[in-house]
Each structure stands twice: as structure tokens, then as C-alpha cells.
Amino acid sequence: MRNEAEGRATHTLMMAHEFIRCENAFEEFARRGKEQIILGDTPQRSFGLYDSYTRFLHHLYEFLKECAKNDLSKEYVKQFKWNERHKPIELYIHSQASKILRNRKEAILNGTAPPWENSLQSFPENVPMDFPVRLRTIRNNTFGHIGKDRHSQDLTEFYREYHKYIYMIYFNCKSWWGRNGRPLPDLGPITSFSIAIDCHK
């Protein structure tokens, strides 16, 4: 029983670690985005913006994949063939995005939305079914793997078409998993990593 509890605690810490990496990448992306808007577009700024956004998408996808593993039953996942093992994750991501979209629109309609929320007209009617597929493709080809498709992926187009859903999911996860002013948790060897050399030894 103790080992099971320790395993759950370790798993929670590892999920926290992944979301912290996601949060760090998003904060860098937001900072670089402001620089590009204010100072202008250069290849160096575009490269840095691309790099931080692809890292953000990668860590968010990895975090959501782990959430899907936690929430979906093994019996449900077993219905899919081995070469379709990504499908339950994609369906999970779509269902989560749809639920968040629905909740935000309902909050506006019933008057419980925060004052900074956008108007109802700014929200799309539905989450496109291809959204999680495009997210996985972008994640695989821009950060995950080196391959012939890397340079053919139009990240600008992805941002324009799908970032609204990405941000809704991220913001929703951040309310639970984000640091939100809290100190960094003790992640064992991760937060004790050091390359400092003690010259006195």
C-alpha cells in the first residue's frame, strides 16, 4: 500500500515537472512574441519564437498524453489497434477542448464569466475534429523527430487556426497545475542538478 502511494506521489511530481516545462516554454514564447511585435521581425527573432512555441506544444502534448493515460480506462484504450494508439489520446484532447469551450461560453451566458473574458462572438462554435491530429503532427515534426516533413510544417498557419484551442487548454491546466506564485517543488535529482565543481575537495 505504501509503495502504491509513493508511486502515485512520484507520478504526480513528474506530471508537475512536465507542466512546469510547458509553463516555462510558454512564458518564453510570450516574451519573444512581444519582442517581435514591438521590435520587428528578423530571422533571429522568428527562430527564437518558433523554438519556444514548438517546445511549448511538445510539453503540453506530453502532459495531455499523461492526463489521458490517467483518465481513460485500459479497457477503452485496448479497443484501438497498436498502430492506432494515438487515437484515444486525440479523442481525449478533443473532448477536453470541447468541454472547456462549452464551459466558457456557458459562463458568459449565465453571467459567471470573469470580467476579462472575451465576448461570446469571439468564440468558435465547435472545436474542429482535426485539431488534435494537427497538434500531434506539429509536435512530432517540429520538435519530436528530425525528418523530411520538418520544414514543410507551417507553424504560422497552425498558430492562426488552432492557437485559440491550445491557449484554452493551457490556461485550464494552469489553474490546477501551474506554479501560480508557488515556489518550485522539490523534484529530487532534477532540482538538485548541478555542474558546479567544488575546488576545495
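Residues numbered from 1 in each chain as written. Predicted model: local features only at pLDDT ≥ 70, side-chain atom pairs only at ≥ 80, totals over all residues. Heavy atoms only, no water.

Enquirer: Now, about a nonpolar patch on the surface: what can you tell me, with residues and values included?
Expert: Taken together, the side chains of Leu13, Met14 and Ile190 make up a nonpolar region of the molecular surface, amounting to roughly 220 Å² of accessible area. Inspection of the secondary structure puts Met14 in helix α1 (residues 2-39). By relative accessible area, which is 37% here, Met14 ends up partly exposed. (Patch = residues over 30% accessible without salt bridge, like charges linked within 9 Å, V, L, I, M, F, W, Y side chains within 5 Å. Areas by Shrake-Rupley, 256 points an atom, 1.4 Å probe, with all protein chains shown as cover. Salt bridge = Lys/Arg side-chain N within 4 Å of Asp/Glu carboxyl O. Helix = DSSP H or I, 4+ residues; strand = E, 2+ residues; numbered from the N terminus. Buried < 20%, exposed > 50% of the residue type's maximum accessible area, 1.4 Å probe, protein only.)

Enquirer: Tell me what's going on with the state of the cysteines, and back it up with residues and numbers.
Expert: In the structure shown here, the tally under the stated rule is zero disulfides. With no disulfide partner, Cys22 has as its closest neighbouring cysteine sulfur the one in Cys173, 7.7 Å distant. Classification of Cys22 by relative accessible area gives buried; the value is 0%. Of all cysteine sulfurs in the structure, the one in Cys67 sits closest to Cys173, which takes part in no disulfide; the separation is 5.7 Å. (Disulfide = S-S within 2.5 Å.)

Enquirer: So what's going on with the packing of helix α4 (residues 87-110) against helix α6 (residues 155-177)? Which residues, and what values?
Expert: At a minimum axis separation of 10 Å, α4 and α6 run at an interaxial angle of 85°. Relative to α6, α4 is oriented roughly perpendicular. The residues of α6 that touch α4, namely those facing Ile93, Ala97, Ile100, Leu101 and Arg104, are Met168, Ile169 and Asn172. When its residues are assigned to classes, the contact of α4 with α6 shows six nonpolar, one polar and one charged. (Axes fitted to C-alpha atoms, helices over the stretch in contact; angles between N-to-C directions. Parallel < 35°, antiparallel > 145°, perpendicular 65-115°, else oblique. Contact = heavy atoms within 4.5 Å. Nonpolar A, V, L, I, M, F, W, Y, C, P; charged D, E, K, R; others polar.)

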